[in-house]
Amino acid sequence: MMRSACRTSPHVTSFHGWLRSATLTACLLLAGVLLPERPASAQSLALIPMPAHVTQEKGRYTLDATTRLQYSGQASASAADEFARLLARSHAISLQPTPSSIPTSGAGIEFVLDPTAKLGPEDYRLTVGPLRIEVVAAQAPGLFYGAITLWQLLPPGRDDHIAIPAVHIEDTPRFPWRGLMLDSARHFQSPEQVKQLLDAMAVHKLNVFHWHLTDDQGWRIQILRYPNLTQVGGCREKVDMPGAGSQECGFYTQAQIREIVAYAAARQITVVPEIDVPGHATAAIAAYPQLGTTGQRLPVSNERGIHANLFNVDEGTFEFLDQVLAEVAELFPGDYIHIGGDEAIKDQWRASTRVQQRRHELGLADEAQLQAWFITRLEAMLVKRGKRLIGWDEILEGALPASATVMSWRGTDGGIAAARAGHDVVMSPSPDLYLDYLQTDTPGEPAGRPKTVPLRTVYAFDPVPAELTSEQRQHVLGLQANLWTGDIADLAGLEHAAFPRLAAVAETGWTPQADKDYDTFLARLPTQLRRYRELGIGYASTPFSVVLTAAATGEGRARITLSNPLGYPIHYNINGGPPDTSSPAYRAPLDLALPVTITAAAFADGKVLAAPMSRLIDATTLLRHEDEQLEQCAEDGPVLRMANPRSPEAGGLFNVAILAPCWRWSDAPLDGIGTIRVRAARLPYRFRLGSEEERRRRFLPATTAQGELDIRIDGCDGPRLATAAMPAHVDAEGLATVLAPVRLPARGAHTLCIRFSGDTRPQMWVLDQISLQPTDPE
Ligand code: ACM
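Fair warning: this is a prediction, and the values are worked out from it, not measured in the lab.

Description of the sheet that holds strand β2 (residues 69–72)
Taken in spatial order, the seven strands line up as β1-β7-β5-β6-β4-β2-β3 in an open sheet, and their pairing is mixed. Edge positions in the open sheet fall to β1 (53–63) and β3 (98–99), since each of these has one partner strand only. The pairing of strand β4 (residues 108–113) with strand β6 (residues 132–137) spans six bridges and is classified as parallel. By the bridge assignment, I109 is partnered in β6 with I133.

Focus on the pattern of salt bridges
As enumerated under the stated definition, the model contains 37 salt bridges in all. Across the pair D322 and K384 runs a salt bridge whose closest N-O atoms are separated by 3.1 Å. Of this pair, D322 sits in helix α8 (residues 315–331) while K384 sits in the loop between α11 (367–383) and β17 (388–392), and the two are 62 residues apart along the sequence. The buried category is assigned to D322, whose relative accessible area is 13%. Classification of K384 as exposed rests on a relative accessible area of 56%. Two residues, E397 and R410, come together in a salt bridge whose shortest N-O distance is 3.0 Å. In this pair, E397 sits in the loop between β17 and β18 (405–408) while R410 sits in the loop between β18 and α12 (413–420), placing the two residues 13 residues apart along the sequence. According to the relative accessible area criterion, E397 is partly exposed, its value standing at 43%. Beyond isolated ion pairs, a larger network of salt bridges with shared partners links E82, R85, D199 and R267.

Thoughts on the state of the cysteines
Taken as a whole, this structure holds three disulfides when the rule is applied. Residue pairing for C633: its cysteine sulfur links by disulfide to C662, the two sulfurs lying 2.2 Å apart. An S-S torsion of about -75 degrees defines the bridge between C633 and C662 as left-handed. Of this pair, C633 sits in the loop between β29 (631–632) and β30 (639–643) while C662 sits in the loop between β31 (653–657) and β32 (663–669); the two residues are 29 residues apart in sequence, bridging distant segments of the chain.

Structural notes on α12
Buried within α12 are the following residues: G414, G415, I416, A418 and A419. Tucked inside the fold, the buried residues of α12 contact β18, β19 (425–427) and α14 (470–473). A positive backbone phi angle near 90 degrees is found at G422, which sits one or two residues after α12.

So, the sheet that holds strand β33 (residues 673–684)
Taken in spatial order, the four strands make up an open sheet running β28-β39-β33-β37, and their pairing is antiparallel. The sheet is open, and its two borders are formed by β28 (624–626) and β37 (735–741), each paired with just one other strand. Across the sheet, the mean angle from the axis of one strand to that of its neighbour is 25 degrees, orientation sign disregarded. Looking at chain direction, β28 and strand β39 (residues 763–774) are connected through three bridges and run antiparallel. Along β39, the bridge assignment pairs E626 with Q769.

A short note on the packing of aromatic side chains
Using the criterion set out here, one finds 27 aromatic pairs in the structure. Residues Y288 and F320 carry aromatic rings whose centres are separated by 6.2 Å and whose planes lie at 55 degrees to one another, so their mutual orientation is tilted. Of this pair, Y288 sits in the loop between α7 (282–287) and β15 (304–306) while F320 sits in helix α8, and the two are 32 residues apart along the sequence. A relative accessible area of 13% means that Y288 is categorised as buried. The interplanar angle of 35 degrees and the centroid separation of 4.6 Å between the aromatic rings of Y459 and F521 together place this pair among those described as tilted. Taken together, the residues span a long stretch of sequence, with Y459 in helix α13 (residues 455–460) and F521 in helix α17 (residues 518–535) at a distance of 62 residues. On the basis of relative accessibility, which here comes to 4%, the residue Y459 falls in the buried class. Here F521 falls in the buried class, since its relative accessible area comes to 0%.

As for unusual backbone geometry
With omega at 10 degrees, the peptide bond leading from F499 into P500 counts as cis. One can find P500 in the loop between α15 (491–498) and α16 (501–510). Of note in this structure, Q268 is not a glycine but carries a positive phi near 60 degrees. Along the chain, Q268 falls in the loop between α6 (254–266) and β14 (270–277). Even without being glycine, E555 reaches a positive phi, approximately 50 degrees. Among the structural elements, E555 can be located in the loop between β21 (547–554) and β22 (557–563). Residue classification places E555 among the exposed residues on the basis of a relative accessible area of 82%.

Examining the side chain of T442
Mapped onto the fold, T442 is located in the loop between β19 and α13. There is a polar contact of 2.8 Å between the side chain of T442 and the side chain of T440. When sequence neighbours within four positions are dropped, the list of residues in contact with T442 reads T542, S545, V547 and P565.

Description of the packing of helix α4 (residues 191–203) against α6
Packing of α4 against α6 leaves a shortest axis separation of 10 Å and a crossing angle of 15 degrees. The angle between the axes of α4 and α6 places the two elements in the roughly parallel class. Taken as a pair, α4 and α6 cross one another with a handedness that is right-handed. Contacts between α4 and α6 involve P191, V194, K195, L198 and D199 from the former and Q256, E259, I260, Y263 and A264 from the latter. Each residue belonging to the contact of α4 with α6 can be placed in one class, and the counts come to six nonpolar, one polar and three charged.

Examining the nonpolar core
Residues F83, F111, W211 and L562 are the most contacted members of the largest nonpolar core, which totals 183 residues. Top contributing element to this core by residue count: α8, with eight residues. For W211, the residues in contact, after removing those within four places along its chain, are L182, S184, V194, Y252, I257, I260, V271, V272, P273, E274 and F332. One finds L659, I673, L689 and A724 within the second-largest nonpolar core, a separate group that totals 42 residues.

A word on the environment of A286
Take A286: it is sitting in helix α7. Remark: the alpha-carbon pair of A286 and L735, spanning 449 residues in sequence, is separated by 34 Å. What A286 contacts, discounting residues up to four positions off in sequence, is V232, L298, P299 and V300.

Criteria and thresholds
- Residues numbered from 1 in each chain as written.
- Predicted model: local features only at pLDDT ≥ 70, side-chain atom pairs only at ≥ 80, totals over all residues.
- Heavy atoms only, no water.
- Pairing = 2+ DSSP bridges.
- Helix = DSSP H or I, 4+ residues; strand = E, 2+ residues; numbered from the N terminus.
- Salt bridge = Lys/Arg side-chain N within 4 Å of Asp/Glu carboxyl O.
- Buried < 20%, exposed > 50% of the residue type's maximum accessible area, 1.4 Å probe, protein only.
- Disulfide = S-S within 2.5 Å.
- Contact = heavy atoms within 4.5 Å.
- Axes fitted to C-alpha atoms, helices over the stretch in contact; angles between N-to-C directions.
- Phe/Tyr/Trp six-rings, centres within 6.5 Å; stacked < 30°, edge-to-face > 60°.
- Polar contact = N/O pair within 3.5 Å; in protein donor to acceptor, adjacent residues only side chain to side chain.
- Parallel < 35°, antiparallel > 145°, perpendicular 65-115°, else oblique.
- Left-handed = near helix turned anticlockwise from the far one by under 90°.
- Nonpolar A, V, L, I, M, F, W, Y, C, P; charged D, E, K, R; others polar.
- Core = buried A, V, L, I, M, F, W, Y, C linked by side-chain atoms within 4.5 Å.

As structure tokens, then:
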């Protein structure tokens, strides 16, 4: 057995790019990439997730268009088909799988389903020899994963003859639940887009697709008995057109759902639908107001955040939910139905005489117990249909039926408590596995949450908490990453958020814990990116980009710092074209005379990882900062990277702390500055923040209708450096530029605090760019 031959020892895990480069080169040498006669190392095979056991052999199998691709056992057809499909996409070689009634031992590739093999349902054995490749599994899922691994063994290129390294792999997953959640309520994805995500899950050996189908912002699953759920609950007013009556709508018909469930099943993926109760219910209540607690007619929400609207606890509501779950149970053959249970703030239940009367009748002490009773009613509805209940960790807040499974999202505490209480658990903690948190702090990130969850964090997450006993650990079914779509409007955004971080989730879900190693994962990652490109999966390029920071050092010079978010080595040129590996390697900050143009890119295995960055640095650019270059002053409260709905194509994106918008520029060079020019956007404010609202700070008092730009020095309580009234009108993109004369004789570098006065909701000013302008341009 040979595992992870290039694992770096713990004391070099935090090395800098150049050392990693040296290590990678050493790995490749050891791997035999440069010495082809020797067996390749497990690492050079660049499999993700890394299998449990890999043994290299000498030699190779050569695949070409004449290779015989066979399968024995009907259930093995889908594995052979998947291999043929992937091969055609990546290498443009078309092989037609053919059945063989008995396993043969002849030349070619054969997928063998052998129910007598002593293997678990997802296990497989894969042997690549000079004449024959054999994949054996006891059950269809194992054979399918063998097909994925075999495809991953293919070297790149569109040669007619593909040399596959000889190898023997014995593989088994670490966890039975390797999940991805997609929120189709906040933004709707077409059935084709859902299938694209399922395709991508399959090549990561992920096996649970948790589908968040209902929320305040949309009800997306057709329920035949209640057509308003989708006719009314599937549409909402468009955010960029308040009052204009323009709607955005979307739902999945039952026929589409059946097709997606079958598509997933062919890829060994079980679909777990989520019907979120008793909160996140606004769309359902908009469709059928009698379900709500206040009796008010509500629109489907087009706001973000936590809404107060709860289902009521009348018997009619349980009849409704029973009928809904009957149709859901019919559509989804898997064991589990997810009933949400999260973020149900209880204000409406507390204020409702009817709900309180019911609570007293039931002898329940408080609203948490009422929710527990609600969930228990649903569990009975599921059990009678042969289904199991899973819910977010709030379902632990009252007595919970023993058979219920808990999905831990508020960190891992809920999961720990649930496992201790004997419940099965899926670990899906925020923020570590919340893919709507951005993965880098580079300016190229799309809308999302700028508190970053980098690849390293996702990779480091372990679903089995150390504090559990070995018996309690058995309850941890696995892990799941979540794609919430409040900020993610399209497939490109989903793919950016998911990849490559989902590769890290996949490795944690599959690979033995002892074999996980972040540095070797990074060494394998460029090959995974190549696979993404072959399959048309649009991964994020930001982790592979180069970030530049520049600071004036006086006398027309600047200190330039380059970095790559993942620590891959960087090469750069000064006043030259795009860099290659013969360009200077970046090792330390550069002290350069201005003006200067820097081009730089990150590299692995001699290949560029993402499009090179090019930046001109001169006296003017040093005095200008985009919002991404500024810090947020607020220590708490949500920070969002918000898209400008007026000009999504223009790509305007703004980092803003929505409870207390405020930006800080540390070390702003104020010598000789006479005017500050600020470009700001006026964005719609559409948030419900529940109890977080209380943390909203008071706005500075405004003296004009639209509020004023307000810039202080030396902290937000410091003297006012500059101010200017904000205009009544913005341009077609929602932007306005104001010039604020400097009112203090400031010299040297100071920290600027930049705010806008006045509570101008339902719109708010957000900073886009700030420039310091010298009094005398000379
Ligand atoms: C959740 O993020 N509300 C489960």
